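Working through the structure, step by step
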2 protein chains.
Amino acid sequence: MPGREPGARSASVKDVAAAAGVSLGTVSNVLNRPDRVSPETRERVQRAMSDLGFVRNESARQLRAGTSRTLAYVMLDASNPFFTDVAAGIDTAAESVDLALVLCNSRNSAQRERSHLALLEQQRVQGVLITPVEPDSPALEELAQRGTPVVVVDRTRADQSFCSVAVDDVLGGRLAVEHLLDRGHTRVAYVGGPRHLGQVADRLRGARDAWSAAGRPEDALVEVETAALTVNEGREAGARLAGLPARRRPTAAFCANDLLALGLLQHAISSGVRVPEELAIVGYDDIDFAAAAAVPLTSVRQPRQLLGRTAAELVLDESANADHTHRQVLFTPELVARASTLG
Amino acid sequence: MPGREPGARSASVKDVAAAAGVSLGTVSNVLNRPDRVSPETRERVQRAMSDLGFVRNESARQLRAGTSRTLAYVMLDASNPFFTDVAAGIDTAAESVDLALVLCNSRNSAQRERSHLALLEQQRVQGVLITPVEPDSPALEELAQRGTPVVVVDRTRADQSFCSVAVDDVLGGRLAVEHLLDRGHTRVAYVGGPRHLGQVADRLRGARDAWSAAGRPEDALVEVETAALTVNEGREAGARLAGLPARRRPTAAFCANDLLALGLLQHAISSGVRVPEELAIVGYDDIDFAAAAAVPLTSVRQPRQLLGRTAAELVLDESANADHTHRQVLFTPELVARASTLG
DNA sequence: GCGTCGGATTGAAACCTTTCAATCCAGTTC
DNA sequence: GAACTGGATTGAAAGGTTTCAATCCGACGC
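The rules behind the values
Residues numbered from 1 in each chain as written. Chains lettered and ligands numbered in written order. Predicted model: local features only at pLDDT ≥ 70, side-chain atom pairs only at ≥ 80, totals over all residues. Heavy atoms only, no water. Near = heavy atom within 4 Å. Polar contact = N/O pair within 3.5 Å; in protein donor to acceptor, adjacent residues only side chain to side chain. Helix = DSSP H or I, 4+ residues; strand = E, 2+ residues; numbered from the N terminus. Nonpolar A, V, L, I, M, F, W, Y, C, P; charged D, E, K, R; others polar. Domains from an automatic or database assignment. Phe/Tyr/Trp six-rings, centres within 6.5 Å; stacked < 30°, edge-to-face > 60°. Buried < 20%, exposed > 50% of the residue type's maximum accessible area, 1.4 Å probe, protein only. Lys NZ or Arg CZ within 6 Å of the ring centre and 35° of its normal. Pairing = 2+ DSSP bridges. Axes fitted to C-alpha atoms, helices over the stretch in contact; angles between N-to-C directions. Contact = heavy atoms within 4.5 Å.

Here's the deal with the protein's contact with DNA strand C
- Around DNA strand C there are 26 residues in total, and A:Ser23, A:Thr41, A:Arg64, B:Val13 and B:Arg33 lie nearest to it.
- A distance of 2.8 Å separates a phosphate oxygen of DNA strand C from a polar atom in the backbone of A:Ser23.
- Within the side chain of B:Arg56, a nitrogen or oxygen atom sits 3.1 Å from a phosphate oxygen of DNA strand C.
- Counting only elements with at least two residues in the surface near DNA strand C, the list comes to helix H2 (24-32) and helix H4 (58-65) of chain A together with helix H2 (24-32) and helix H4 (58-65) of chain B.
- With five residues, H2(B) is the single largest residue contributor to the surface near DNA strand C.

The following block contains the structure:
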């Protein structure tokens, strides 16, 4: 038997009021300003509510009150642990101000992203946090224009028409390569792609900066471009590196993210290349699986939870304060050295 | 400047109607039954909508129409790739019937789970899919009782008062151990815990069944209980196994999930134990990281996406068909043999 | 006893959309 | 030219909650 008896629709405040012998307004007061109603009445009403199985209708509440109690995070790819950690950070912040967080997964599709945004706007959510498929999409602008606070997470936009939180990827790239230089490597690979992704380009730039600042010849930093930031592509890149003649083969690789690094590591192990003796590896993101890899991975850590928390704070500020001004927050990454580079 | 000019609230159908010189009802028709309105009028109205930046108010729509366009999945732990894959399956099904999916993450907390459920019920979502912290919680029952379709995902309940989809964990345990028996192992560890989790218990039961069916002595299947199903606990378990005297040390381990198996693998590699020659490992779930591990992991695969899709279909059936009857769907797992057990 | 005060309660309006029966109107048929 | 047809449009009601000005009532001061 599915649910309630046929014909019975769920009880409304009106039913509760009748059952408790009070007016409609009093029931509402019990719900929203319990202190304004006398203890006896309050209890009578609450009793009626539970007797009738009353469940407040959020649509009606929101329609009348004009405010919603939810925040949304549109994530780029829920299967990347990095983003779920960011989401956890947002959740923590949302929880502390008693807002619910709903997650939407665009799964890398601009089309899905669009339809999620449309629905969220119709739902009048308090704010939208998003790691967009395409940071410069005009759809975001329009959404903000029409009055929904929007914060861009882990991406930056050319203009400053939004709040955003991100991590300094150029610095991250520099840290990684400086570490490898410290360890004495003279021939290093940068593994990442596609090149048009902001992250990939910025990390490469940082790597190049550090490389030339150390006075190394440009062509000793070899770029290995991949088609995506996945474990599979990392393995693939491993094969390509292995194919190089020994003289030109790098002794270390800096990967644009940990998934690539894990793939590369796997290729190395399965083909008998010792890590880090023959090939040192640096990843990026420091997801939990990095520390837990067969050879624990040196990685550039991004403050994932903090990223999320901060983004949530910005969106809340924008939604609450009339004199809000947009801010671009840039966090500093940190290198975590582990066995994959430490002989 | 945050959003629209002060004072301007978003346009309503009424505004659109006025701007287009038609009645309210016509605007609604354009929105909901565009074929009923003449092409010229329709266009005029649509033009007015975009001029005014009209965004339909979903609360009002839902209040009047009485139906919501969303499905919800309350996940146990968004950072476990297994659940995000299940979510992707649900999403696919939801998309095909034009429902939006919102994800909530209870992060293993019964309290968070409760508050998510309460809000979802108030929002009158079309249905709730959930992997509960505690499958036998009465809260689920009450929710269903009051009329929200509920489907339990990847768990089973003692009674049959819900639809549920799960995978046959007893069979999965059997498959794993049969495989190890085939490979000639005579001393095997079962790594998992805490024991009160349904999954952990069922997989152990299957393992024992296979073991005794093969006529092996009971005490040659050693149980290693862990405090949680995480990578860290897996490493920990590795240390415990290594501590056993060689005579009593198992030559293979069957882990209750892949995270444990990955941790165990990591411990083995870092302490020089060869996999699979000295220690064969079987995981469970076959998450993507399993195939991508340093030594690709043999694992018991669950049809994750299918699990999600099926759950979504059940909840939709329950929400649409008055004569719906609850079903408990049990899928069959499948062993995927890889290098971690294949010499 | 009268007037006043303040906390508790009430009742009606408002939020925005959808629905549906009623109306309108331009053609068509006889 | 009257009667009808059927598609397009209209107008009002309804949905469940919150809000807020108004009312009620018992207590208190004088």
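From this point, things continue past the structure.
Quick word on the protein's contact with DNA strand D
- Near DNA strand D there are 27 residues, and of these A:Val13, A:Arg33, B:Ser23, B:Thr41 and B:Arg64 occur at the shortest range.
- If you look at DNA strand D and keep only atoms within 4 Å of the protein, 68% of those are sugar or phosphate atoms.
- One of the side-chain N or O atoms of B:Thr26 is found 2.8 Å from a phosphate oxygen in DNA strand D.
- Residue B:Arg64 places a side-chain N or O atom 2.8 Å away from a base nitrogen belonging to DNA strand D.
- Those elements that place two or more of their residues in the surface near DNA strand D are H2 and H4 of chain A together with H2 and H4 of chain B.
- Of all the elements, H2(A) adds the most residues to the surface near DNA strand D, at five residues.
- The class makeup of the residues in the surface near DNA strand D is nine nonpolar, 11 polar and seven charged.

Quick notes on the domain arrangement of chain A
- According to the domain assignment, chain A contains domain 1 (13-56), domain 2 (66-167 + 304-332) and domain 3 (169-302 + 335-342).
- One C-alpha centre belongs to domain 1 of chain A, the other to domain 3 of chain A; they are set 63 Å apart.

A look at the packing of aromatic side chains
- All told, the structure shown has seven aromatic pairs over all chains when counted by the stated rule.
- Aromatic side chains A:Phe289 and B:Phe289 sit 4.0 Å apart centroid to centroid with 20° between the ring planes, which places their arrangement in the stacked category. Linking A:Phe289 in helix H12 (residues 288-291) with B:Phe289 in helix H12 (residues 288-291), this pair reaches from one chain into another.
- Overall, the relative accessible area of 10% leaves A:Phe289 in the buried class.
- Relative to B:Phe83, the ring of B:Phe82 lies with its centre 5.3 Å away and its plane at 80°, an arrangement referred to as edge-to-face. This pair shows no difference in class: B:Phe82 is buried, exactly as B:Phe83 is.
- The rings of A:Tyr190, A:Phe254 and A:Tyr284 are connected pair by pair, giving a single aromatic cluster.
- Its end group placed over the ring of A:Tyr284, A:Arg203 keeps NZ or CZ at 3.7 Å from the ring centre.

Some remarks on the sheet that holds strand S7 (residues 221-225) of chain B
Residues and elements named next belong to chain B.
- Across the sheet, six strands lie side by side as S7-S6-S8-S9-S10-S12; this open sheet has mixed pairing. Two strands bound the open sheet, and with one partner strand each, they are S7 and strand S12 (334-336). Taken pair by pair, the neighbouring strands of this sheet meet at an average axis angle of 20°, ignoring direction.
- Along the sheet, helix H8 (residues 169-182) contacts strand S6 (188-192), strand S8 (252-255), strand S9 (280-285), strand S10 (298-301) and S12; its crossing angle with S9, the most-contacted strand, is approximately 160°.
- Packing against the sheet, helix H9 (residues 198-213) makes contact with S6, S7, S8 and S9, and its axis sits at approximately 170° to S6.

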